[in-house]
Amino acid sequence: MTRPKTLVAMSADVAERLIDGQVRSRLAMIADVDADLVVHDFAQVDLSRVEVLYTSWGCPPITAEVLARAPRLRAVVHAAGSVKHHVTDAVWQRGIAVSSAAAANAEPVAEFTLAAILFANKRVIDIARRYRGSRSHDDWDVRFPGFGNYRKTVGVIGASRIGRRVIELLRPFDLEVLVSDPYLTEDLGVAHVGLDELVGRSDVVSVHAPDLPETRHMIDRARLARMRDGATLINTARAALVDQDALTAELVSGRLFAVLDHTEPEFLPASSPLYGLDNVLVTPHIAGSLGGELARMADLALDELARYARGLPFEHAVEPASLSRSA
């Protein structure tokens, strides 16, 4: 096994959280690297001997100009999800291998979504708020007729890495699961239906499609109107996929419920009505890897770096052809 010359490229604050003592030790065993050198501007460093870039959030774009100064660069190992922010066409044109830890980042998002689905059908958040306000028992069956998870229908929009993991996590439960994805050709063991049918049949609709021009406002006013009274929309993808004005109107009316980990803007103004509604839970983009979950991404990326050092292909290689329909 060789020890490829590796450069850490990401923002300093991400490196501080991502590269702990264990990651630092393993990185030093696998690669010829200065783990204390964290690059967020390629113009400031000598790239002539670098063979691998170990990247994460905050890595600057790897442009043709950067590559001209890095003649030995052969691989980019990304300890995070999407590579679209820093891997340019020039990288693909030179045949540089790229790996991503998107599979590791998908896990906490899928776990968050599972919890949100089960809580939504059980009306946990809504009941807790009402109970806190009244501090008295109520007839919850009357207030929320039919609440609970047994035989409810969950619609998953997007057979993405996260969407597929959500489907897997839902298997032990007595739920009907639907999936809608125009690119899906394989059998995931659940009903594959059109988007309009999915939103009309589901008690919970969970969004896991990529943010692309063609997916902007895919959940629009008409599709929101198709949703069942009392249904819940969960968005852990991107805010642009949902017409937020139309959704806000439905939520203010009380007809729908929502769990929103992404909003437009990302930080809602204090005047937003979404904060004060009992039928809405707004979280500040926390579904993805944070805290101790960052270690999962770092470890996956280190596994990939070790494969490269042994002359093996990446297990989580990114294919440029797939980027046009992925996050």
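For the structure, see preceding data.
Just so it is clear, the model here is predicted, and its values are computed rather than measured. (Residues numbered from 1 in each chain as written. Predicted model: local features only at pLDDT ≥ 70, side-chain atom pairs only at ≥ 80, totals over all residues. Heavy atoms only, no water.)

Draft legend 1. Highlighting the overall build of the protein chain. In terms of helices and strands, the protein chain carries 12 helices and 12 strands. Since a compact globule built from 327 residues should have a radius of gyration of about 20 Å, the 22 Å found for the protein chain is in line with a globular shape. Along the first, second and third principal axes, the C-alpha set of the protein chain runs to 70 × 45 × 35 Å. A buried classification covers 50% of the 327 residues belonging to the protein chain. A separation threshold of at least 6 residues defines the contact pool for the protein chain, and within that pool the share at least 24 residues apart is 65%. For the protein chain, the distance from the average position of its 36 positive side-chain charges to the average position of its 43 negative side-chain charges is 1 Å. (Helix = DSSP H or I, 4+ residues; strand = E, 2+ residues; numbered from the N terminus. Rg over C-alpha atoms; globule rule 2.2 N^0.38 Å. Buried < 20%, exposed > 50% of the residue type's maximum accessible area, 1.4 Å probe, protein only. Contact = heavy atoms within 4.5 Å. Lys, Arg positive; Asp, Glu negative; His and termini not counted. Charge placed at Lys NZ, Arg CZ, Asp CG, Glu CD.)

Draft legend 2. A look at the packing of helix α2 (residues 21–30) against helix α12 (residues 294–309). Two elements in contact, α2 and α12, have axes separated by 10 Å at closest approach and are oriented at 10°. On the basis of the axis angle, α2 is roughly parallel to α12. Here Val 23, Arg 26, Leu 27 and Ile 30 of α2 lie close against α12, whose contacting residues are Ala 298, Asp 299, Leu 302, Asp 303, Leu 305, Ala 306 and Ala 309. Split by residue class, the contact of α2 with α12 holds eight nonpolar, no polar and three charged. (Axes fitted to C-alpha atoms, helices over the stretch in contact; angles between N-to-C directions. Parallel < 35°, antiparallel > 145°, perpendicular 65-115°, else oblique. Nonpolar A, V, L, I, M, F, W, Y, C, P; charged D, E, K, R; others polar.)

Draft legend 3. Broad picture of the environment of Arg 130. By the secondary structure assignment, Arg 130 is in helix α6 (residues 124–134). Looking at Arg 130, the relative accessible area reads 32%, which means it is partly exposed. A C-alpha to C-alpha distance of 26 Å links Arg 130 and Asp 245, two positions 115 residues apart in sequence. For Arg 130, the contacting residues outside a window of four places in its chain are Trp 140, Arg 143 and Phe 144.

Draft legend 4. Seen up close, the nonpolar core. Counting 31 residues, the largest nonpolar core has Met 10, Leu 18, Ile 19, Leu 27, Tyr 54 and Leu 305 as its most contacted members. When contributions to this core are tallied by element, the ones reaching two or more residues are α1 (12–18), α2, β2 (32–39), β3 (52–55), β4 (75–78) and α12. Ranked by the residues each element gives to this core, the list is headed by α12, at 10 residues. In this structure Leu 305 touches Pro 4, Thr 6, Leu 27, Ile 30, Ala 31, Val 52, Tyr 54 and Val 77, once residues within four positions along its chain are discounted. Ranked by size, the runner-up nonpolar core spans 28 residues in total, among them Met 218, Leu 260, Leu 268 and Val 280. (Core = buried A, V, L, I, M, F, W, Y, C linked by side-chain atoms within 4.5 Å.)

Draft legend 5. Looking closely at the environment of Trp 92. Inspection of the secondary structure assignment puts Trp 92 in helix α4 (residues 89–93). Sequence separation of Trp 92 and Glu 319 is 227 residues, and the distance between their C-alpha atoms is 9.1 Å. Among residues more than four places away in sequence, those in contact with Trp 92 are Val 87, Val 98, Val 318, Pro 320 and Leu 323.

Draft legend 6. Looking closely at the sheet that holds strand β11 (residues 257–260). Strands sit in the order β8-β7-β6-β9-β10-β11-β12 across an open sheet of seven strands; the sheet is parallel. At either end of the open sheet lies a strand with only one pairing partner, and these are β8 (191–192) and β12 (280–282). In this sheet, strand β9 (residues 204–207) lies alongside strand β6 (residues 152–157) in parallel orientation, the contact comprising four bridges. If you follow Val 156 over to β9, its bridge partner there is Ser 206. (Pairing = 2+ DSSP bridges.)

Draft legend 7. Spotlight on the pairing of strand β10 (residues 232–235). Burial along β10 is two-sided: the residues Thr 232 and Ile 234 and Leu 233 and Asn 235 are all buried. Here β9 pairs with β10 via four bridges, running parallel. Each bridged residue has a counterpart across the sheet, and for Val 207 the counterpart in β10 is Asn 235. Handedness of the β-α-β unit built from β9, helix α10 (residues 221–226) and β10 comes out right-handed. Where β10 meets β11, four bridges bridge the pair, whose relative direction is parallel. Within the sheet, the bridge partner assigned to Ile 234 lies in β11 and is Val 259. Remark: the β10/helix α11 (residues 244–253)/β11 crossover connection has right-handed handedness. (Right-handed = clockwise from strand over helix to strand, strands pointing away.)

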